[in-house]
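Each chain, written out:
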Amino acid sequence: MTIQRPRGTRDFLPEDTEKRGRAKKAMQDVLERWGYREVATPTFEHLELFTIKSGASVIEEIYSFKDKGGRDLALRPELTAPVMRMYVSELQNSPRPQRLWYFGNCFRYERPQKGRFREFWQMGCELIGGSKPDSEAEAIALADGMLKSVGVVGDIHVGYLGLIRSILSKIEVQHRSSVMRMIDKKERSALATLLEDIGCSHLGLLELIDLKGQPALDKAAEIVRDMGAGPELDVPADAPVASAPAGTAPSPAGRGSARQGRAVGAELRLEEFQETVDLLRAYGVNFTIDFEIVRGLEYYSGTVFEIYAEGLGAQRQICGGGTYELASLFGGKETSSTGFGLGFDRIMEIVPMERSRRSPVFLAFTPDVKIQAAKIAKELRKSVPVVFDVMGRGLGAQLKAAAGAGAEFVVIVGKDELDAGKFTLRDMSGGGQESLALPEIEERLKEHYQGF
RNA sequence: GCCGGGAUAGGGUAGUGGUUAUCCUGAGGGACUGUGGAUCCCUCGAGCUGGGUUCGAAUCCCGGUCCCGGCCCCA
């Protein structure tokens with residue numbers, strides 16, 4: 001019996017790996033064209049990093065362990081927390097904004113299904129320290145550009161927590177998290193019942209999340225107008241904004257967990273959201289305004305967005321992100337950031353990728369001139385990929401192998417060629433061949449491999 | 001964690017409670033000591049795992065593992 005892969009993991013054969021590499025490269029190019037720089041963090045971290053961010057309940061879904069020194073460690077389940085941890089400890093005094101991107105494997109202890117594995121790859125970026133609408137528009141346009149670069153069409157939904165949280169402030173504290181949860185889970189009828197029961201139907205919440213696109217924004221403006229005079233229950237005072245980055249708010253609860261009620265202030269600044277929307281339109285991004293997008297966690301503080309794609313079964317989301325406040329959670333200064341993560345594996349399931357790999361040149365030789373042939377192979381490798389027989393095959397068998405491997409060209413080296421100083425370049429598709437000096441062969445092949 | 005469907009050579013498959021388990025493909029070699037994918041020949045290679053029922057199990061039953069789809073969850 002052979003040893004199996006652990007559950008939820010995958011092997012990537014050469015074809016898979018090539019395809020993934022090409023897709024990664026395409027998206028990476030977009031990131032770099034926007035001025036982002038790659039960073040990398042450890043595969044494992046202190047478990048605490050993730051429980052601080054997401055609450056103790058995530059331990060169930062994390063690969064965590066004690067090392068031999070008794071430390072509680074965890075394989076990273078996501079990359080935003082590690083990157084922000086790194087930012088706080090290494091980059092806080094660097095010029096802002098910081099534009100960082102990353103690509104790495106992550107691990108979650110979950111039931112595998114379509115588009116969900118225990119080891120998976122995330123690609124994403126964090127734009128740290130910018131002002132909200134500008135950063136938000138940049139992040140969303142960037143995500144859009146990355147998907148387009150691999151030919152994936154996503155359905156982009158953009159929401160704004162400033163508004164939702166302001167409406168929530170009209171609702172009694174003990175009901176807020178249930179309301180939030182029901183919005184997130186799209187439990188419409190339960191939400192309607194609850195709002196009715198607590199006498200909050202008049203706030204317009206149901207109508208708001210039902211509407212999509214411009215009508216949703218119009219409704220938002222209406223709600224904001226109506227809310228102007230209403231009583232506010234327990235809204236934290238805004239931070240002095242003069243010198244602080246726009247829109248950040250104090251975090252009275254300090255380093256408490258995001259799941260334990262530590263809500264960052266999300267001020268109601270609909271005009272900021274409007275600006276994000278205007279910028280996105282300027283960038284030519286196709287998106288839907290959708291206030292139902294609230295994302296689970298408390299550290300999100302402004303615009304949030306999710307991107308969905310077809311063809312993935314139950315796991316349709318391929319991207320999620322927004323503006324958040326995490327630096328302070330990890331012991332740093334208040335810093336507003338915007339970022340997103342792309343589910344690389346899910347994207348790979350739907351990229352319409354043409355296979356365009358170029359097979360290496362095969363250098364076929366007669367066994368009696370192996371030594372000289374090896375020298376020629378070495379020379380040719382300066383220009384093009386060259387495969388040299390290691391099976392001890394005769395010339396005929398080498399050609400057969402080259403054909404089987406899909407070679408487009410074979411260079412044949414034998415005693416006659418060595419004597420003449422001219423080698424045979426054989427075109428395997430047509431079957432034609434000609435006798436040429438080595439520099440000419442190099443020239444021809446180099447031309448053929450141009451761009452690969 | 002829950003529900004359903006699966007597991008037969010490297011890949012894809014057929015079949016039956018009972019001789020030596022199909023076929024296709026693949027891989028290696030040969031016919032072919034300087035010219036390829038053809039053809040022919042040879043070789044390699046399999047019933048997930050543990051238990052039970054049975055004279056006999058790859059087949060029937062149970063547990064486990066893994067895969068596929070869905071639920072829960074999804075930072």
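Up top you'll find the structure we're talking about.
Computed from a predicted model, the values in this text were never measured in an experiment.

**Things to note about the overall build of chain A**
- Each helix and strand in chain A was counted, giving 15 helices and 16 strands.
- Relative to its 452 residues, chain A shows a buried fraction of 48%.
- Taken as a whole, chain A presents about 21,800 Å² of accessible surface, with 51% of it coming from carbon and sulfur.

**Things to note about the packing of helix α6 (residues 173-185) against helix α7 (residues 188-197)**
- At their nearest, the axes of α6 and α7 sit 9 Å apart, and the two run at 155° to each other. In terms of orientation, α6 lies roughly antiparallel with respect to α7. Here the hand of the crossing between α6 and α7 comes out left-handed. Across from His175, Ser178, Val179, Met182 and Ile183 in α6, the residues of α7 making contact are Ala190, Leu191, Leu194 and Leu195.

**Observations concerning the protein's contact with RNA strand B**
- Taken together, 40 residues are adjacent to RNA strand B, and Lys53, Arg116, Ala403, Glu417 and Met428 come closest.
- Among all atoms of RNA strand B positioned within 4 Å of the protein, those belonging to sugar or phosphate total 44%.
- Arg108 has a polar side-chain atom sitting 2.9 Å from a sugar or linking oxygen of RNA strand B.
- Elements with a minimum of two residues in the surface near RNA strand B: α2 (47-54), α6, α13 (395-404) and α14 (415-420).
- The dominant element in the surface near RNA strand B, judged by the number of residues it contributes, is α13, at 4 residues.
- Split by residue class, the surface near RNA strand B holds 11 nonpolar, 10 polar and 19 charged.

**Some thoughts on the pairing of strand β6 (residues 119-128)**
- Within β6, 10 of the 10 residues are buried, which leaves it mostly tucked inside the rest of the structure.
- Of the two faces of β6, the one holding Glu119, Trp121, Met123, Cys125 and Leu127 and the one holding Phe120, Gln122, Gly124, Glu126 and Ile128 are both buried throughout.
- By the bridge criterion, 10 bridges tie strand β5 (residues 98-107) to β6 in an arrangement that is antiparallel. Bridged to Tyr102 within β6 is Gly124.

**Concerning the sheet that holds strand β15 (residues 423-427)**
- Ordered by their spatial adjacency, 5 strands build an open sheet running β13-β12-β14-β15-β16, and the pairing between neighbours is mixed. This sheet does not close on itself; its edge strands, each paired only once, are β13 (386-388) and β16 (433-436). Strand-to-strand, the axes of this sheet are offset by a mean angle of 25°, without reference to chain direction.
- Relative to β15, strand β14 (residues 409-413) runs antiparallel, the two being bridged by 4 bridges. In the sheet register, Val410 faces β15, and the bridge partner there is Arg426.

**A look at the pattern of salt bridges**
- Evaluated as defined, the whole model comprises 25 salt bridges.
- Between Arg20 and Asp345 there is a salt bridge whose closest N-O contact spans 3.3 Å. Placement of the pair is Arg20 in helix α1 (residues 14-33) and Asp345 in helix α11 (residues 344-350), with a sequence separation of 325 residues. Take Arg20 and Asp345: they sit in the same class, and that class is buried.
- Here Glu349 makes a salt bridge to Lys114, at a shortest N to O gap of 3.6 Å. With Glu349 in helix α11 and Lys114 in the loop between β5 and β6, this residue pair connects regions lying 235 residues apart in the sequence.
- What you see here is one network of salt bridges that share partners, running through Arg188, Asp210, Lys212, Asp290 and Glu292.

**Observations concerning the packing of aromatic side chains**
- Under the counting rule described, the total for this entry stands at 11 aromatic pairs.
- With centroids separated by 5.5 Å and ring planes inclined at 55°, the aromatic side chains of Trp34 and Tyr283 adopt a geometry described as tilted. Of the two residues, Trp34 is situated in the loop between α1 and β1 (37-38) and Tyr283 in the loop between α10 (270-282) and β8 (288-289); the sequence distance between them amounts to 249 residues.
- Between Tyr160 and Phe273, the aromatic rings sit 5.0 Å apart at their centres with planes inclined by 20°, giving stacked as the arrangement.

**Thoughts on the packing of α2 against helix α3 (residues 80-91)**
- In contact at an axis separation of 10 Å, α2 and α3 are set at 105° when each is read in the N-to-C sense. On the basis of the axis angle, α2 is roughly perpendicular to α3. Each of Leu49, Phe50 and Lys53 in α2 lies in contact with α3, whose residues at this interface are Thr80, Ala81, Pro82 and Arg85.
- Looking at the contact of α2 with α3 residue by residue, the class counts come to 4 nonpolar, 1 polar and 2 charged.

**Topic: the side chain of Glu78**
- Topologically, Glu78 is positioned in the loop between β4 (72-75) and α3.
- Within polar-contact distance, the side chain of Glu78 engages the side chain of Lys53 at 3.0 Å.
- Separated by 3.1 Å, the side chain of Glu78 and the backbone nitrogen of Thr80 make a polar contact.
- Among all residues touching Glu78, those that are not within four sequence positions of it are Phe50, Lys53, Cys106, Arg108 and Gln122.

Rules and cut-offs
- Residues numbered from 1 in each chain as written.
- Chains lettered and ligands numbered in written order.
- Predicted model: local features only at pLDDT ≥ 70, side-chain atom pairs only at ≥ 80, totals over all residues.
- Heavy atoms only, no water.
- Helix = DSSP H or I, 4+ residues; strand = E, 2+ residues; numbered from the N terminus.
- Buried < 20%, exposed > 50% of the residue type's maximum accessible area, 1.4 Å probe, protein only.
- Areas by Shrake-Rupley, 256 points an atom, 1.4 Å probe, with all protein chains shown as cover.
- Axes fitted to C-alpha atoms, helices over the stretch in contact; angles between N-to-C directions.
- Parallel < 35°, antiparallel > 145°, perpendicular 65-115°, else oblique.
- Left-handed = near helix turned anticlockwise from the far one by under 90°.
- Contact = heavy atoms within 4.5 Å.
- Near = heavy atom within 4 Å.
- Polar contact = N/O pair within 3.5 Å; in protein donor to acceptor, adjacent residues only side chain to side chain.
- Nonpolar A, V, L, I, M, F, W, Y, C, P; charged D, E, K, R; others polar.
- Pairing = 2+ DSSP bridges.
- Salt bridge = Lys/Arg side-chain N within 4 Å of Asp/Glu carboxyl O.
- Phe/Tyr/Trp six-rings, centres within 6.5 Å; stacked < 30°, edge-to-face > 60°.

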